[in-house]
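Per-entry structural report
Each chain, written out:
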Amino acid sequence: MTIPTPNTPESVFTYAAPRLKFGPGSIEEIGHDVAGLGARSVLVVTDPVLAATGHPERVAEALRAAGLQAEVHDSAHVEPTDTSLTAAVERARSGARPDVVVAVGGGSSMDTAKAVSLLLSNPGELMDYVNAPVGGGRAPEQPVLPMVAVPTTTGTGAESTTVCVLDVLAAKVKTGISHERLRPVLAVIDPDLTATQPAGVTASAGMDILCHALESWTARPYTSHEHKQAHERVPYCGANPIADMFAERAMRLLAGAFRPAVAGDDAARTDMALAATFAGMGFGNAGVHLPHAGAYPIAGRVHDLDTDFRPDGYGQDHPMVPHGMSVAATAPAVFALTFEADPERHLAAASWLDPQGLDADVPGPERLPAVLRRLMRDIGQPSGLAEIGYGEADVDALVAGTMQQQRLLASVPRPVTEEDVAAVMRASMHHW
Ligand SMILES: [Fe+2]
């Protein structure tokens with residue numbers, strides 16, 4: 001069940017992260033910070049819902065107060081598509097050329113800003129850069145415009161990562177653009193910006209944070225990969241001592257803060273933002289694996305279901321599975337599957353997440369899944385894929401969609417077959 005030992009085991013790991021500014025009130029200093037990057041003209045990218053809160057315009061005002069030109073584009077689309085990203089790029093190309101892009105919002109705004117930064121600085125079109133085989137898999141030859149990330153949803157970690165995720169509509173597939181140059185240069189994390197986040201959003205975003213930490217902690221260690229040459233190095237290098245440290249700290253914070261944050265506790269919200277940051281610094285280097293691979297079809301195929309499922313807190317009038325919810329949906333079953341690859345790591349994670357030992361008497365492989373199910377139930381996550389509207393008839397399509405995510409599957413700490421993924425999907429229909 002263990003991954004075969006490579007002929008020449010990897011001896012090198014890499015670590016990179018954006019500069020950080022963290023804390024309530026940190027957003028007020030953004031003019032100073034962006035001016036310090038040498039910017040004169042700044043494009044603020046956000047989405048229409050967030051634009052209505054006034055936060056992006058306040059960021060633009062702070063930039064103007066520091067003597068910069070700043071324009072706000074509400075061009076980000078929830079769950080970006082090739083069409084929405086291309087439209088955002090066209091809009092940016094038609095205005096004054098910015099020299100810094102500031103993303104204000106959740107993962108969608110950051111992903112949109114990443115695409116804009118890339119295509120304002122490099123030749124070609126979006127699909128040239130999208131991961132092969134869906135797109136051309138081209139690497140940016142020029143540095144992209146420096147990007148500053150101001151996350152307003154705790155969780156995504158997109159402020160730390162090198163990935164822009166998008167739906168390619170014609171191919172009906174969620175994929176991405178992944179390159180070291182896409183990592184933001186600065187992340188400004190102000191927990192006050194999440195003050196109005198509904199409980200349902202805190203719950204799903206929190207499951208995303210938790211899965212980032214758990215998946216990077218249990219990812220195939222960098223030493224289990226084949227030794228790479230300098231030009232072959234990738235941003236996600238597998239579990240490594242530095243990412244491990246951040247993942248552990250994120251889980252310990254979540255153990256105390258997650259339930260109170262969903263209940264509306266202020267101090268817990270700051271701890272959640274810190275946990276999200278730690279988890280992002282971990283998975284932004286180690287990578288994530290099977291729960292995130294399965295999340296792509298779970299979120300993507302819900303549009304084709306005949307279901308009246310609407311997640312709390314997202315104000316959607318159509319079926320939609322928030323990213324964190326789609327990731328968490330298979331997490332209990334995945335961590336039962338991966339237990340044997342490294343029992344010690346799975347048990348350590350369970351003990352950090354359950355410091356009172358409420359599930360301490362559950363047998364080894366089932367202990368971490370039990371801790372996750374109890375948490376998911378307490379914070380109001382769906383009782384399983386069946387509650388979202390999935391059934392046995394959807395298993396094959398969910399498996400096929402998961403198996404397409406080869407980059408993520410390569411990080412699972414054991415070989416994964418279609419049968420394994422089918423068993424995970426079936427076991428995830430009813431958590432309780
Ligand atoms: Fe995620």
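What you see is a predicted model; the values in this text were computed from it and never measured. (Residues numbered from 1 in each chain as written. Predicted model: local features only at pLDDT ≥ 70, side-chain atom pairs only at ≥ 80, totals over all residues. Heavy atoms only, no water.)

A few points about the pairing of strand β2 (residues 41-45)
Along any regular strand, the residues point their side chains to alternate faces of the sheet. A large share of β2 lies buried, amounting to 5 of its 5 residues. Burial along β2 is two-sided: the face carrying Ser41, Leu43 and Val45 and the face carrying Val42 and Val44 are both buried. Relative to strand β3 (residues 69-73), β2 is paired through 5 bridges, and the arrangement is parallel. Bridge pairing links Val42 to Ala70 in β3. (Buried < 20%, exposed > 50% of the residue type's maximum accessible area, 1.4 Å probe, protein only. Helix = DSSP H or I, 4+ residues; strand = E, 2+ residues; numbered from the N terminus. Pairing = 2+ DSSP bridges.)

Quick notes on the packing of helix α8 (residues 241-262) against helix α13 (residues 343-353)
Where α8 contacts α13, the axes come no closer than 7 Å and their chain directions differ by 35°. Contacts between α8 and α13 involve Asp244, Glu248, Met251, Arg252 and Ala255 on the former and, on the latter, Arg345, Ala349, Trp352 and Leu353. Tallied by class, residues from the contact of α8 with α13 come to 5 nonpolar, no polar and 4 charged. (Axes fitted to C-alpha atoms, helices over the stretch in contact; angles between N-to-C directions. Contact = heavy atoms within 4.5 Å. Nonpolar A, V, L, I, M, F, W, Y, C, P; charged D, E, K, R; others polar.)

As for helix α16 (residues 395-403)
The complete set of buried residues in α16 reads Val395, Leu398, Val399, Gly401, Thr402 and Met403. Contacts made by the buried residues of α16 are with α10 (290-300), α15 (385-388), α17 (406-409) and α18 (418-427).

Observations concerning the domain arrangement of the protein chain
For the protein chain, the assigned domains are domain 1 (26-189) and domain 2 (199-427). Distance from the C-alpha centre of domain 1 to the C-alpha centre of domain 2: 25 Å. Facing the 21 residues of domain 1 at the interface are 23 residues of domain 2. For the pairing of domain 1 and domain 2, the buried interface totals around 1600 Å² over both sides, and the portion due to carbon and sulfur atoms is 58%. It is Thr154, Gly155 and Lys174 in domain 1 that bury the most area against domain 2; as a group they hold 29% of the surface buried on that side. Inspection of the domain 1/domain 2 interface yields 1 residue pair in polar contact (both at pLDDT 80 or more). (Domains from an automatic or database assignment. Buried area = accessible area lost by both parts, 1.4 Å probe. Polar contact = N/O pair within 3.5 Å; in protein donor to acceptor, adjacent residues only side chain to side chain.)

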